[in-house]
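Topology and contacts: notes
For reference, the chains in residue letters:
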Amino acid sequence: MQKEISQAVIRRMPRYYRYLGELLDAGVERISSNELSVRMKVTASQIRQDLNNFGGFGQQGYGYNVQYLYEEIGKILGLDRQHNIIVVGAGNMGQALANYVKFEKRGFMITGLFDVNPALAGLSVRGIEIHMMDELPEFVKHQRVDIAVLTLPKEKAEQAAEQLVKLGIRAIWNFAHLDLELPDDVVVENVHLSDSLMQLSYNIVRRQDNE
Ligand SMILES: NC(=O)c1ccc[n+]([C@@H]2O[C@H](COP(=O)([O-])OP(=O)(O)OC[C@H]3O[C@@H](n4cnc5c(N)ncnc54)[C@H](O)[C@@H]3O)[C@@H](O)[C@H]2O)c1
C-alpha cells in the first residue's frame, strides 16, 4: 500500500513545481536544498523532509537535478496525464476559466461548458461549446469527464454536485461559496478567493494597528 502523505506536504508541492519550472526556464540544471530554500523562503530541512516523503530525489554533495525533480513532482501531482474538465455555470467565472489557456499546458483540458440559461445555448468560449444542463447525461456517456468545475450560484451548487456524482464524476473543483460535502470517494477542492482576500485584509489591519 502507498504511504499516506499529509495534505500539508501535498499543498506545498505545486509551489515546488512552480519554482522548479522557473529554474528550468532559466537554464538551471541543478540546485542544492540550501539554494532552493533561499529562493522559496522555506528551510532547507523542510524541503528535504517534504521530498523525502517521496523517496528523496537528491544526491549527497550534488543537490537536486532540476529537470528530474520537476518531472517527478509533476508525476506526484498527476500532471503527467490528461484530465478532462467540464465547467458547470458558464457565467463570468466559468467563462474566465475556460478562457485561460495555461491549464492546457498542464494537461487540464476543458471539453465543455454547461448552463441552464437558454441564451447561452450553442455559444462557445475559445471554441469550447456551451451546452444546456439537460445534455449533461448524454455528454458524460460519450466523453470521459475527470473533473467538474462548479461556477454556478451557491444555491444551485449542492444539487448540481449531486447530479455530477450520480453521473460518475469523482472530482469537483468548487468555486461556489459553500464547502461541499460529498461521498468519500469524491474528491473536492473548494476554492474561495475571498478567504485569501480576507487574509490580506487581516494583514493590512494588523500592520496599520502596529504603526
Ligand atoms: N470561489 C471564489 O473565489 C469565487 C470568486 C468569484 C465568484 N465565485 C462564485 O462563482 C459562482 C459564479 O460566479 P459568476 O460571477 O460567474 O456568476 P454569474 O452569474 O456570471 O454565472 C453563473 C452562471 O451559472 C448559471 N447557472 C445558474 N443555475 C445553474 C444550474 N443549476 N446549472 C448550471 N448553471 C447554472 C447561470 O445561468 C450563470 O450563467 C458564484 O457562486 C460566485 O459566488 C466564487
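None of these values were measured; they are calculated from a predicted model. (Residues numbered from 1 in each chain as written. Predicted model: local features only at pLDDT ≥ 70, side-chain atom pairs only at ≥ 80, totals over all residues. Heavy atoms only, no water.)

Right, let's get into the nonpolar core. I86, L150, L164 and I172 are the most contacted members of the largest nonpolar core, which has 23 residues in total. Elements supplying a minimum of two residues to this core: β3 (83-88), α7 (136-142), β7 (147-150) and α8 (154-166). Element by element, the count of residues in this core is highest for α8, at 5 residues. Residues within four places of L150 in sequence aside, it is in contact with V88, A157, A160, A161, L164, I172, W173, N174, F175, A176 and L180. With 21 residues, the next largest nonpolar core counts L23, I31, L36 and I73 among its residues. (Core = buried A, V, L, I, M, F, W, Y, C linked by side-chain atoms within 4.5 Å. Buried < 20%, exposed > 50% of the residue type's maximum accessible area, 1.4 Å probe, protein only. Helix = DSSP H or I, 4+ residues; strand = E, 2+ residues; numbered from the N terminus. Contact = heavy atoms within 4.5 Å.)

Taken N-terminus to C-terminus, the directions of helix α1 (residues 7-25) and helix α4 (residues 66-76) make an angle of 145°; their axes are 9 Å apart at the nearest point. Helix-helix and strand crossings are classified by hand; for α1 and α4 the assignment is left-handed. Here M13, Y16, Y17, L20, G21, L23 and L24 of α1 lie close against α4, whose contacting residues are V66, Q67, L69, Y70, I73 and G74. Split into classes, the residues belonging to the contact of α1 with α4 amount to 10 nonpolar, 3 polar and no charged. (Axes fitted to C-alpha atoms, helices over the stretch in contact; angles between N-to-C directions. Left-handed = near helix turned anticlockwise from the far one by under 90°. Nonpolar A, V, L, I, M, F, W, Y, C, P; charged D, E, K, R; others polar.)

In this section: the packing of helix α2 (residues 33-40) against helix α3 (residues 44-52). It is at 8 Å that the axes of α2 and α3 come closest, and there the two elements cross at 110°. Regarding the angle of α2 to α3, the classification is roughly perpendicular. Taking contact as the criterion, the partners of S33, N34, L36 and S37 in α2 are, on α3, A44, I47 and R48. Partitioned by chemical class, the residues of the contact of α2 with α3 number 3 nonpolar, 3 polar and 1 charged. (Parallel < 35°, antiparallel > 145°, perpendicular 65-115°, else oblique.)

Sites flagged by UniProt as "DNA-binding region" (unreviewed entry) map to residues 15-54. Secondary structure content for residues 15-54 is 70% helix and 5% strand, and the end C-alpha separation is 16 Å. (UniProt positions renumbered as here; feature names shortened; annotations may be inferred.)

Tallied over the full model, the rule gives 8 salt bridges. Taking the shortest distance from any N to any O, the salt bridge between E189 and R11 comes out at 3.1 Å. Here E189, found in strand β9 (residues 187-190), pairs with R11, found in helix α1; they are 178 residues apart in sequence, far enough to count as distant. Taking the relative accessible area as the measure of exposure, E189 reaches 35% and is therefore partly exposed. For D185, the salt bridge identified is with R170, shortest N-O distance 3.2 Å. (Salt bridge = Lys/Arg side-chain N within 4 Å of Asp/Glu carboxyl O.)

Here we come to a negative patch on the surface. Where like charges cluster on the molecular surface, the negative patch consists of E158, E162, D179, E181 and D195. Counting through the fold element by element, D179 comes out in the loop between β8 (171-174) and β9. Given a relative accessible area of 53%, D179 falls into the exposed group. (Patch = residues over 30% accessible without salt bridge, like charges linked within 9 Å, V, L, I, M, F, W, Y side chains within 5 Å. Areas by Shrake-Rupley, 256 points an atom, 1.4 Å probe, with all protein chains shown as cover. Lys, Arg positive; Asp, Glu negative; His and termini not counted. Charge placed at Lys NZ, Arg CZ, Asp CG, Glu CD.)

Moving on, we get to the domain arrangement of the protein. You can read the domains of the protein as domain 1 (7-76) and domain 2 (86-194). Spacing between the C-alpha centres of domain 1 and domain 2 amounts to 32 Å. (Domains from an automatic or database assignment.)

Taken together, 22 residues sit near the ligand, with M93, D115, F175, V191 and L193 positioned nearest. At 2.7 Å from an oxygen atom of the ligand is found a main-chain nitrogen or oxygen belonging to M93. At 2.5 Å from an oxygen atom of the ligand is found a main-chain nitrogen or oxygen belonging to L193. Surface burial for the ligand is 74%, taken as the share of its 850 Å² of free accessible area covered by protein chains. Where the shell around the ligand is concerned, the elements lending two or more residues are α5 (92-99) and α8. Residues of the shell around the ligand, tallied by class, amount to 12 nonpolar, 7 polar and 3 charged. (Near = heavy atom within 4 Å. Polar contact = N/O pair within 3.5 Å; in protein donor to acceptor, adjacent residues only side chain to side chain.)

A separate point is the UniProt feature "domain: CoA-binding" (unreviewed entry) in the protein. The residues that UniProt annotates with the feature "domain: CoA-binding" (unreviewed entry) are residues 78-179. Its end C-alpha atoms 24 Å apart, residues 78-179 is made of 31% helix and 28% strand.

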